[in-house]
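Letter by letter, the chains look like this.
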Amino acid sequence: MNLLKFYNKVPKITSASQNQSNREVIDTIAPQSDPAERTPILEYHPNHRDEIRRAYIQGGPCQPRYHDFPQSDFSKFKRRFNPIWFDEFNWLEYSVSTDAAYCLPCYLFKGESIHQGGGDVFSSKGFRNWNRKEYFKKHVGLPNSIHNKANRNCDDLMRQKQSIVAAFEKHSDQTKREYWVRLNASVDVVRILLKDLHFAVITKVKRH
């Protein structure tokens, strides 16, 4: 998932002080696809958060299906992340850098009550118990769970943008119609004035 396509490239920073002062701007322009390397949403400026969320939603969860997932020991048995889980849980993300699973909606709308349903694990710490797949369903929880609320927030955010775009296009069409009405009216006025002027000239010529 390459989120850089949603943003313009940023020039390189040449000093540590510049790097510190421009960190938020750089992060805003180029969000990280690896969930373990992302800046927490609440650390962004409030004016930037929704646009960053939209970029992540449009890019989709980080799901490197063809990665060579490493094995881990669980009670003398080897277990690893199974990419088939991506098909069952479309919110699921995997970090190559930490070999851990995350939840995209919960990362985007992390709140004070995120600890319910393992929200903090799936939004920032990362889940690694590959022998406990049932924790994915536990994380989703009931219809009013933190996860499902975060999911609905994602849907609402994208619908909001679509409504704004539709309203803008509607307004744009209305503006175009009004422009053509004004233009046609102006043409009619000019046509009448020219006709009157022509009539006045002809009348004056005849008198002489």
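As the structure is a computational prediction, the values presented were derived from the model and not from experiment.

S.K.: What is the right way to read helix α3 (residues 46-59) from this model?
M.R.: Structurally, the α-helix is built with 3.6 residues per turn, so residues lying three or four positions apart point the same way. Its 14 residues place the ends of α3 21 Å apart at the C-alpha level, agreeing with the 20 Å of an ideal helix rising 1.5 Å per residue. Regarding α3, the residues found buried are Arg 49, Ile 52, Arg 53, Arg 54, Ala 55 and Tyr 56. Downstream of α3 by a residue or two, Gly 60 has a phi angle that is positive, lying close to 85 degrees.

S.K.: Would you explain unusual backbone geometry in this entry?
M.R.: Leave glycine aside and you will find that most residues have negative phi; peptide bonds, for their part, are mostly trans. Phi angles above zero are rare outside glycine, and Ser 75 is one such case at about 55 degrees. The exposure class of Ser 75 is exposed, given its relative accessible area of 65%. Phi angles above zero are rare outside glycine, and Lys 76 is one such case at about 70 degrees. With respect to the helices and strands, Lys 76 occurs in the loop between β1 (72-74) and β2 (77-79).

S.K.: Can you help me understand the side chain of His 147 in this one?
M.R.: In this structure, His 147 sits in helix α8 (residues 146-207). For His 147, a relative accessible area of 2% corresponds to the buried category. In this structure His 147 touches Trp 91, Cys 103, Pro 105, Cys 106, His 139 and Val 140, once residues within four positions along its chain are discounted.

S.K.: Please explain the pattern of salt bridges as it appears in this structure.
M.R.: In a structure, side chains of opposite charge can pair up when their charged atoms sit close to one another. Applying the stated criterion across every chain, the model contains 10 salt bridges. Between Asp 68 and Arg 80 there is a salt bridge whose closest N-O contact spans 3.9 Å. Placement of the pair is Asp 68 in the loop between α3 and β1 and Arg 80 in the loop between β2 and α4 (85-88), with a sequence separation of 12 residues. Classification of Arg 80 by relative accessible area gives partly exposed; the value is 36%. Notably, a salt bridge pairs Lys 133 with Glu 88, separated by 2.8 Å at the nearest N-O pair. Here Lys 133, found in the loop between α6 (119-125) and α7 (134-140), pairs with Glu 88, found in helix α4; they are 45 residues apart in sequence, far enough to count as distant. Since its relative accessible area comes to 32%, Lys 133 is described here as partly exposed.

S.K.: For this particular structure, what's the right way to read the packing of aromatic side chains?
M.R.: For any two aromatic rings, the description comes down to two numbers: the centre-to-centre distance and the angle of the planes. Under the definition given, this model contains 19 aromatic pairs. Plain terms: the ring middles of Tyr 56 and Tyr 107 are 5.6 Å apart, the flat faces sit at 90 degrees to each other, and that makes the pair edge-to-face. Of this pair, Tyr 56 sits in helix α3 while Tyr 107 is found in helix α5 (residues 104-108), placing the two residues 51 residues apart along the sequence. Looking at Tyr 56, the relative accessible area reads 0%, which means it is buried. Consider the rings of Phe 122 and Phe 127, whose centres lie 5.1 Å apart with planes at 15 degrees: the pair is stacked. Clustering of aromatic rings is evident, with ring pairs tying together Phe 69, Phe 81, Trp 85, Phe 86, Phe 89, Trp 91, Tyr 94, Phe 122, Phe 127, Trp 130, Tyr 135 and Phe 136. Lying over the aromatic face of Tyr 107, Arg 38 brings its terminal NZ or CZ to 5.1 Å of the ring centre.

The rules behind these values
- Residues numbered from 1 in each chain as written.
- Predicted model: local features only at pLDDT ≥ 70, side-chain atom pairs only at ≥ 80, totals over all residues.
- Heavy atoms only, no water.
- Helix = DSSP H or I, 4+ residues; strand = E, 2+ residues; numbered from the N terminus.
- Expected span 1.5 Å × (residues − 1).
- Buried < 20%, exposed > 50% of the residue type's maximum accessible area, 1.4 Å probe, protein only.
- Contact = heavy atoms within 4.5 Å.
- Salt bridge = Lys/Arg side-chain N within 4 Å of Asp/Glu carboxyl O.
- Phe/Tyr/Trp six-rings, centres within 6.5 Å; stacked < 30°, edge-to-face > 60°.
- Lys NZ or Arg CZ within 6 Å of the ring centre and 35° of its normal.

Scope: geometric values only; no functional claims are made or implied.
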